[in-house]
Amino acid sequence: MLAPEPDQDLGELIQIALDVAGSLDPREVIARILERGTHAVQADRATLSSLVDDHVVIEATYGRAGELTWVGQRYSLDYFEGQPLVQKAIDTLRPAFGGRLAADRAAPEFREALTSVRHVAVVPVVAGGQAVGMLVFSRYEDREFTSRDLAALTLLGTISGLALRNARLFEEGNAARKRADETATRLGAAVEAAEDVASQVRLDEVLRRLLQRAGAAVDADGTSLARLEGTEMVIESTPTGELVGSRWPLMPKVLAGVSQGRPVELTAAEYTGAPEGLESVVQPYRRFLVAPLAIGGETIGLLAMGRKTDEPFDPAAVQSLQHFSTLGALLLRNARLIAQAQKAEQAKSEFMSMAVHELRAPLTVASGYLGMALEGAFGELPTALKDVLATAQRKTEEAKLLADELLTVARLEGKVLTPKAEPLSVTEALQEAVARARPRAELAEAKIQIEGGDESTVLADRAMVGKILDNLLNNALTYSDHAPTIRIQARHESSQMAIAVVDDGTGVAPADQARIFERFARGTDRLSREKPGSGLGLYLSRGLAEQMGGSLQLQASEPGEGSTFVLRLPLATS
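Model, not experiment: these values are computed from the prediction. (Residues numbered from 1 in each chain as written. Predicted model: local features only at pLDDT ≥ 70, side-chain atom pairs only at ≥ 80, totals over all residues. Heavy atoms only, no water.)

Can you break down the environment of leucine 332 residue by residue, with the values?
With respect to the helices and strands, the residue leucine 332 is situated in helix 9 (residues 315-374). Remark: the alpha-carbon pair of leucine 332 and leucine 293, spanning 39 residues in sequence, is separated by 8.7 Å. Excluding residues within four positions of it along the chain, leucine 332 makes contact with Leu203, Val206, Leu207, Leu210, Leu225, Leu293 and Ile300. (Helix = DSSP H or I, 4+ residues; strand = E, 2+ residues; numbered from the N terminus. Contact = heavy atoms within 4.5 Å.)

Here it is as C-alpha cells:
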C-alpha cells in the first residue's frame with residue numbers, strides 16, 4: 001500500500017486536531033488519539049502511556065480492527081533501559097523509529113504480542129517542554145517508518161500532548177469542584193447539626209444532641225461524651241446514662257491524638273487492656289473513634305464512638321465530624337457555663353431565702369416586745385424612753401418590710417413564686433391601691449386621680465398586682481420636691497390592659513433609665529440618694545408582672561417633669 005500524499009497527511013492531521021480537541025473527557029480524548037493516530041500513520045496497533053513520577057502507566061491500546069483495550073498497568077521507568085528506542089524518544093523529545101522493541105526485555109504479558117511486530121515508531125507526548133507520555137505505533141508488515149512519517153508523527157505527538165493536558169486539567173478541575181461541593185455539603189451538615197444542638201441551653205439536652213449528631217455523622221453504633229481531666233476521662237453523658245460520672249484512664253495513643261487535636265481510630269486488637277469495669281461496655285464493638293472537642297487550644301471534651309463491625313470509619317465522615325466538633329465544643333462550653341451560672345443563682349436564691357426566714361423571726365419577736373412595752377404591758381415608761389422605743393419599733397417594721405421584699409425576690413428568682421391567674425377587676429384593683437396610698441398622700445398633700453372608668457377584667461394575681469401598684473404609687477410620692485399630682489389611666493391594647501401611672505415628680509435621669517429595673521439599682525441624682533430605699537421595688541415589680549404574663553416599662557421620663565410607668569396585663573376572655 002502506498003503512503004498518502006503529504007497534503008492528505010496534513011488534512012487528516014488537522015482533522016485529528018479538531019476531533020481530539022472536541023472533547024474534554026480524558027477517556028474520550030485517549031480513544032480519539034489512538035484511533036485517529038493509527039489511521040494517520042497507517043499502523044496496525046497503537047499504545048498510549050502516561051509518565052507519572054517514576055512510573056509509566058499504560059492507558060490504552062487500539063488495533064486496526066477497532067478494539068480499544070484499557071490496560072492501566074504501572075511499570076517502573078527502569079523498563080526503558082532495555083528499550084533504547086523508547087529511551088531515545090523520551091530523551092530527545094522527538095519521534096524515534098526503526099526496527100522493533102526488544103521482546104525479551106519487555107514485560108511478560110507483552111512478549112507474545114511484540115513477537116509479531118516488525119516496525120515501531122515511538123512518539124513522545126510533550127506538554128510544557130517535557131514528556132508527559134508516549135505513543136507507540138506498531139506495524140506487523142515489513143513496512144518501516146521513514147522520515148516521510150516524521151512530520152506527521154511529530155505533529156501527532158504535539159496535538160496529543162495539548163489535548164491530553166487540557167483533558168487532564170478539565171478532569172482535575174471537575175475533581176476539585178467535586179471536592180469543594182463535598183466539603184460544602186459536609187460543612188452544611190456540620191452547621192445544621194450545630195444549629196440543632198444550639199437550639200438547646202440545658203446541659204443535659206446539649207449533651208444528648210451532641211451524642212446523637214456525632215454518632216449519625218460517622219455511622220456509629222454507640223457513643224459517649226467525657227470531659228478530660230489530666231490523663232483521665234470522666235464520663236459525662238451516654239445514651240442510656242450508664243457509667244455517667246465514672247472516671248477512666250486514657251490510652252497513650254488516644255492521649256497523643258488529643259494533644260495534637262486530631263481524632264484517633266482504634267481496632268479492637270489495639271483497644272486492649274480496658275480498665276476493669278469497662279470491658280463489658282467496649283466488648284461489643286470492633287472499631288473505635290475518639291475525637292477531641294477543642295476550643296481555643298483547650299480540649300474540653302472527648303467524643304468516643306464505637307462500631308460493631310470491623311470496618312474503618314469513612315475519612316470524609318471523620319472530617320465532617322471534625323467540622324462539627326469545633327462548633328460542638330463552643331456549644332458545650334457555653335452550656336456548661338450556663339449550667340454553672342444557674343447552679344450559682346439557685347444556691348444564692350436558696351441562701352437568701354433561708355437567711356431572710358432566719359432574719360424575720362427575731363424581727364417579729366423584737367417588734368412584738370416593743371409594741372407591748374409602748375402599750376404599758378411592762379409598766380409606765382418615761383416619755384424619753386417611749387420616744388426611743390417608738391423609733392426602734394418603726395425601724396424594726398422597716399426591716400421586716402425589707403426582709404419581706406428580699407424573701408419575695410428570692411422566691412421569684414428561685415422559680416417558686418407561682419401567681420394565681422384569676423379574673424381581677426381593673427377598677428377594683430386601682431381603687432384598692434389608691435385607698436392604701438391615701439394616708440401617705442394626705443401627709444404629702446398629694447393628689448391621686450383615677451382617670452376614666454374601665455370595667456375590664458384581667459387575668460392576674462390580686463396580691464401581685466397590688467404589690468406592683470403600691471410600689472409605683474410609693475415611688476411617685478417619694479421622688480418629688482413638691483406636693484405631687486399622680487394620674488392613673490387604664491386603656492385597652494390589643495389583648496392586654498395597659499395601666500399607666502403618671503407623676504409630675506423629679507423624673508429619672510437619662511443615665512439611670514437603662515438600669516432602674518436592675519436589682520438594688522438606685523437613682524444617681526441628689527433626691528434619690530437622700531431618700532431611703534432598697535432599690536428592689538422596680539426590679540421586683542417587673543419580675544412579678546412577667547410572672548403573670550405581662551410587663552412593666554418606663555414609657556417616658558424627663559428630669560424635673562415626671563415619669564410614666566406602664567403595667568400591662570393580659571385581658572380575661574369573656
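How would you summarise the packing of helix 11 (residues 426-443) against helix 12 (residues 462-478) if you had to cite specific residues and measurements?
Interhelical geometry of helix 11 versus helix 12 gives an angle of 40° and a closest axis separation of 9 Å. Compared by their axis directions, helix 11 and helix 12 come out oblique. Remark: the crossing between helix 11 and helix 12 carries right-handed chirality. On the side of helix 11, the interface is formed by Glu428, Ala429, Leu430, Glu432, Ala433, Val434, Arg436, Ala437, Arg440 and Ala441, while helix 12 contributes Arg462, Val465, Gly466, Leu469, Asp470, Leu473, Asn474, Leu477 and Thr478. Looking at the contact of helix 11 with helix 12, its residues break down into 10 nonpolar, 3 polar and 6 charged. (Axes fitted to C-alpha atoms, helices over the stretch in contact; angles between N-to-C directions. Parallel < 35°, antiparallel > 145°, perpendicular 65-115°, else oblique. Left-handed = near helix turned anticlockwise from the far one by under 90°. Nonpolar A, V, L, I, M, F, W, Y, C, P; charged D, E, K, R; others polar.)

Please give an account of the sheet that holds strand 11 (residues 264-267) that cites residues and values.
Across the sheet, 6 strands lie side by side as 10-9-8-13-12-11; this open sheet has antiparallel pairing. Of all the strands in the sheet, the pair left with one neighbour each is strand 10 (247-249) and strand 11. Sheet twist, expressed as the average angle between the axes of neighbouring strands with direction ignored, equals 30°. Looking at chain direction, strand 8 (residues 222-229) and strand 9 (residues 232-237) are connected through 5 bridges and run antiparallel. Bridging across to strand 9, leucine 225 finds its partner in serine 237. Set on the sheet, helix 6 (residues 203-218) makes contact with strand 8, strand 9, strand 12 (287-295) and strand 13 (298-307); between it and strand 8 the angle comes to about 125°. Packed on one face of the sheet, helix 7 (residues 252-259) meets strand 8, strand 11, strand 12 and strand 13 and runs near 165° to strand 11. (Pairing = 2+ DSSP bridges.)

Could you give me a rundown of the pairing of strand 2 (residues 55-63), with the residues and numbers involved?
The two faces of a sheet get side chains in turn, since along a regular strand they alternate between them. Summarising burial for strand 2: 8 of the 9 residues are buried, a large majority. Sheet topology note: the strand 1 (residues 45-52)/strand 2 ladder contains 8 bridges and is antiparallel. For leucine 48, the partnering residue across the bridge sits in strand 2 and is alanine 60. The turn joining strand 1 and strand 2, which pair antiparallel and follow one another in sequence, is formed by 2 residues; a positive phi near 55° is taken by aspartate 53. Pairing analysis gives 3 bridges linking strand 2 to strand 4 (residues 74-76), with the strands arranged antiparallel. Among the inter-strand pairings, histidine 55 is bridged to a residue of strand 4, identified as serine 76. (Buried < 20%, exposed > 50% of the residue type's maximum accessible area, 1.4 Å probe, protein only.)

Requested: an account of a negative patch on the surface, with residues and values cited.
Together, Asp53, Asp54, Asp78 and Glu81 line one region of the surface with negative charge. Taking relative accessible area as the criterion, glutamate 81 reaches 62% and is therefore assigned exposed. (Patch = residues over 30% accessible without salt bridge, like charges linked within 9 Å, V, L, I, M, F, W, Y side chains within 5 Å. Areas by Shrake-Rupley, 256 points an atom, 1.4 Å probe, with all protein chains shown as cover. Salt bridge = Lys/Arg side-chain N within 4 Å of Asp/Glu carboxyl O. Lys, Arg positive; Asp, Glu negative; His and termini not counted. Charge placed at Lys NZ, Arg CZ, Asp CG, Glu CD.)

How would you sum up the pattern of salt bridges? Please name residues and give values.
All chains considered together, the criterion is met by 16 salt bridges. Salt-bridge contacts for glutamate 229 lead to arginine 247; the nearest nitrogen and oxygen are separated by 2.7 Å. In this pair, glutamate 229 is assigned in strand 8 and arginine 247 in strand 10, connecting sequence segments 18 residues apart. Take arginine 247: its relative accessible area is 41%, and that puts it in the partly exposed class. Salt-bridge contacts for arginine 487 lead to glutamate 451; the nearest nitrogen and oxygen are separated by 3.5 Å. In this pair, arginine 487 sits in strand 17 (residues 485-493) while glutamate 451 sits in strand 15 (residues 447-451), placing the two residues 36 residues apart along the sequence. Of the residues examined, arginine 487 reaches a relative accessible area of 29% and is grouped as partly exposed. Salt bridges linked by common partners bring Arg227, Glu229, Glu232 and Arg247 together as one network.

All quantities given are derived from atomic positions and should not be read as evidence of function.
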